[in-house]
Amino acid sequence: MSLNSPYLRKPTSVTRVMGEVLLALLPGIAAYVWFFGIGILVQLALATVAALLAEAAFLMLRGRPVTRSLSDLSAVVTAWLIALAFPSIGPWWLVTAGTIFAIIVAKHLYGGLGQNPFNPAMVAYAIMIVAFPALMSQWPGAGRLDAATQLDLILGGARKIDAITSATPLDALRTGLRTEGNTVAALLQGEGFGLFAGHGWEWVAVGFLAGGAYLLARRIITWHIPVAFLGVLGLLSAGGAWASPLNFPGPVFSLFSGAAMLGAFFILTDPVSGATTPRGKLIYAAGAALITWIIRQFGAFPDGVAFATLLMNLCVPLIDMKTQPPVFGHKTKD
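Along each chain, residues carry numbers from 1 onward, in the same order as the chain's sequence is written. Totals for whole chains, interfaces and linings use every residue, but because this is a predicted model, local features are given only for residues with pLDDT of at least 70 and side-chain atom pairs only at 80 or more, for both listing and counting. The basis for every side-chain value is the complete set of heavy atoms in the structure, and neither hydrogens nor water enter the calculation.

Going by the annotation in an unreviewed UniProt entry, the name recorded for the protein chain is Ion-translocating oxidoreductase complex subunit D, with Niveibacterium umoris given as the source organism. Here the protein chain is described in UniProt, under the heading Sequence similarities (unreviewed entry), as follows: "Belongs to the NqrB/RnfD family." UniProt positions are given in the numbering used here, feature names are shortened, and annotations may be inferred rather than shown by experiment.

Looking at the overall build of the protein chain
Along the protein chain, the regular secondary structure elements total 16 helices and zero strands. As defined in this context, the radius of gyration uses C-alpha atoms, and a globule is described by 2.2 Å times the residue total to the power 0.38. Since a compact globule built from 334 residues should have a radius of gyration of about 20 Å, the 20 Å found for the protein chain is in line with a globular shape. In terms of overall dimensions, the protein chain has a C-alpha envelope of 60 × 50 × 40 Å along the principal axes. Counting across all 334 residues of the protein chain, residues that qualify as buried make up 50%. Pairs at least 24 apart in sequence give 75% of the contacts found in the protein chain among residues at least 6 apart. In short, Shrake-Rupley with a 1.4 Å probe defines the accessible areas, and a residue's cover is counted only from the protein chains shown. Accessible surface, the protein chain as shown: approximately 16,000 Å² in total, 68% of it carbon and sulfur. Each charge class in the protein chain can be summarised by its mean position, and for the 20 positive and 14 negative side chains these summaries are 13 Å apart. Each helix corresponds to a stretch of at least 4 residues labelled H or I by DSSP, and each strand to a stretch of at least 2 residues labelled E; elements are numbered beginning at the N terminus. Burial status follows relative accessibility: with a 1.4 Å probe on protein chains alone, a residue under 20% of its type maximum counts as buried, one over 50% as exposed, and anything between as partly exposed. Residues count as neighbours in contact if any of their non-hydrogen atoms are within 4.5 Å of one another. We score Asp and Glu as negative and Lys and Arg as positive, and we do not count His or the chain ends. Charged groups are reduced to one reference atom each: NZ for lysine, CZ for arginine, CG for aspartic acid, CD for glutamic acid.

Some words on the UniProt feature "modified residue: FMN phosphoryl threonine" (unreviewed entry) in the protein chain
Under the present numbering, the feature "modified residue: FMN phosphoryl threonine" (unreviewed entry) in UniProt falls on Thr168. If you trace the backbone, Thr168 turns up in the loop between helix H8 (161-164) and helix H9 (169-179).

Observations concerning the pattern of salt bridges
When a carboxyl oxygen of Asp or Glu lies within 4 Å of a side-chain nitrogen of Lys or Arg, that pair is called a salt bridge. As enumerated under the stated definition, the model contains five salt bridges in all. Note that Lys107 is salt-bridged to Glu55, the shortest N-O span being 3.0 Å. One end of the pair, Lys107, is in helix H5 (residues 92-107); the other, Glu55, is in helix H2 (residues 39-61), with 52 residues separating them in the sequence. On the basis of relative accessibility, which here comes to 4%, the residue Lys107 falls in the buried class. Across the pair Asp303 and Arg296 runs a salt bridge whose closest N-O atoms are separated by 2.9 Å. Each of the two residues, Asp303 as well as Arg296, counts as buried. Several salt bridges share partner residues, and in doing so they unite Arg16, Glu20 and Arg218 into one network.

Topic: the domain arrangement of the protein chain
An automatic or database domain assignment supplies the start and end points of every domain. Taken domain by domain, the protein chain holds domain 1 (13-166) and domain 2 (168-320). Put simply, the middle of domain 1 and the middle of domain 2, counted by C-alpha atoms, are 20 Å apart. At the interface, 33 residues of domain 1 touch 26 residues of domain 2. Once two parts are brought into contact, the accessible area they lose, counted with a 1.4 Å probe and summed over both, makes up the buried area. Roughly 2,600 Å² is buried in total at the junction of domain 1 and domain 2, and carbon and sulfur atoms are behind 78% of that figure. Summed over the shared surface of domain 1 and domain 2, the result is one salt bridge.

Details of the packing of aromatic side chains
Each aromatic ring pair is described using two quantities: the centre-to-centre distance and the angle formed by the ring planes. To pair, rings of Phe, Tyr and Trp, with the six-membered ring standing in for Trp, must have centres within 6.5 Å; the planes then decide the type, stacked if under 30 degrees apart, edge-to-face if over 60, and tilted in the middle. The full count for this structure, using the stated rule, is 14 aromatic pairs. On the numbers, 5.5 Å between centres and 75° between planes, the contact of Phe196 with Trp203 is edge-to-face. The class of Trp203 is partly exposed, set by a relative accessible area of 34%. Through a chain of ring-to-ring contacts, three or more aromatic side chains come together here, namely Tyr32, Phe36, Trp139 and Trp201.

Description of the side chain of Ser254
Relative to the helices and strands, Ser254 is located in helix H13 (residues 251-255). Relative accessible area serves as the criterion here: at 3%, Ser254 is assigned to the buried category. In terms of polar contacts, Ser254 uses its side chain to reach the side chain of Ser237, at 2.9 Å. Here the side chain of Ser254 touches Gly250 through a polar contact of 3.2 Å, landing on its backbone oxygen. When residues no more than four places from it in sequence are discounted, the contact partners of Ser254 are Leu233, Ser237, Pro249, Ala260 and Arg296. Here a polar contact means two N or O atoms within 3.5 Å. Within protein one must be a hydrogen donor candidate and the other an acceptor candidate, and residues neighboring in sequence count only if both atoms are side-chain atoms.

Quick word on the environment of Tyr284
On the secondary structure map, Tyr284 appears in helix H15 (residues 278-298). Each C-alpha atom, one on Tyr284 and one on Phe229, is 8.5 Å from the other, the two residues being 55 residues apart in sequence. When near neighbours in sequence (up to four residues on either side) are disregarded, Tyr284 contacts Ile225, Leu268, Ser273, Gly274, Ala275, Thr309, Met312, Asn313, Val316 and Ile319. Among the polar contacts listed, one links the side chain of Tyr284 to the side chain of Asn313, at a separation of 3.2 Å.

Quick notes on the UniProt feature "transmembrane region" (unreviewed entry) in the protein chain
Listed under "transmembrane region" (unreviewed entry) in the UniProt record, and renumbered for this structure, are residues 29-54, 66-86, 122-139, 224-244, 250-269 and 281-298. Between the end C-alpha atoms of residues 250-269 there is a gap of 25 Å, over a span that is 65% helix and 0% strand.

Some thoughts on a nonpolar patch on the surface
A cluster of nonpolar side chains, contributed by Ile38, Leu41, Trp92, Trp93, Phe132, Leu151 and Leu155, occupies part of the molecular surface with about 620 Å² of accessible area. Inspection of the secondary structure assignment puts Leu151 in helix H7 (residues 147-154). Overall, the relative accessible area of 34% leaves Leu151 in the partly exposed class. Residues with no salt bridge and a relative accessible area higher than 30% make up the patches, which join like charges within 9 Å and nonpolar side chains (Val, Leu, Ile, Met, Phe, Trp, Tyr) within 5 Å.

As structure tokens, then:
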């Protein structure tokens with residue numbers, strides 16, 4: 001038997017959606033642990049506890065049901081995204097303070113779940129990288145730190161920056177191009193780089209790509225935002241590399257470095273702060289890709305996904321208003 005449109009989808013719950021998102025993050029987290037150690041697991045635990053405590057405290061202050069709201073897992077998703085965006089060897093208070101700020105200021109002061117105009121995890125990242133740029137720039141190198149050293153750093157141990165930390169691939173490439181006068185091809189032969197992007201980081205990105213494919217297969221997200229974001233970022237990178245191959249990395253390096261995959265599938269697809277119409281999603285993601293590429297190539301920060309997300313969050317009301325599809329049964333929007 002065949003059915004004609006419109007098709008009615010089965011209702012879904014916030015808890016199921018958030019649970020699927022957490023499940024989809026696991027391949028990237030597994031690769032993170034494999035290459036960089038257990039520090040990320042400690043940061044995930046710290047962020048989760050901080051998010052749940054902050055959420056519970058503010059729900060009680062607002063007189064809202066605590067147990068039902070905590071069980072929807074939205075606070076846990078925010079916590080995990082913050083932990084993955086922050087350095088895994090950062091001090092414990094850094095991810096804890098960022099998470100509490102995100103839950104209270106970026107989420108509950110705007111009305112709670114479903115009301116926040118900005119992505120809470122990216123608000124936390126933007127605030128912390130402006131307030132603590134040195135700590136937010138200290139990342140582990142692949143296989144360089146054992147578990148005991150990572151725990152010591154997270155719990156407040158002495159930080160001998162040059163000896164224990166490593167720049168991200170985007171930061172290393174940018175610094176090499178701007179201060180050392182090297183070319184992209186020469187820099188990519190360095191020890192911090194792998195087969196097609198940063199050593200270790202490229203496989204973390206592959207893990208997030210696999211998780212994104214899972215979300216698409218489960219229809220938790222649609223194709224519009226990931227395809228538009230990765231497509232435009234890839235095209236801009238290809239154009240830069242074609243125009244000046246000595247100074248601009250190619251599309252493969254750009255797509256598998258920094259937060260490109262995490263942003264495409266897990267951050268920009270936030271159903272609350274992102275665009276909701278099909279054409280709006282394409283515009284929203286394409287704008288985010290353009291801003292990300294500009295910040296990466298010409299800005300003060302090595303990656304631009306967080307700031308691009310927040311800037312495009314500002315545009316979402318206008319984008320959605322201008323891209324509303326026609327009402328079913330009518331040829332025009334009116």
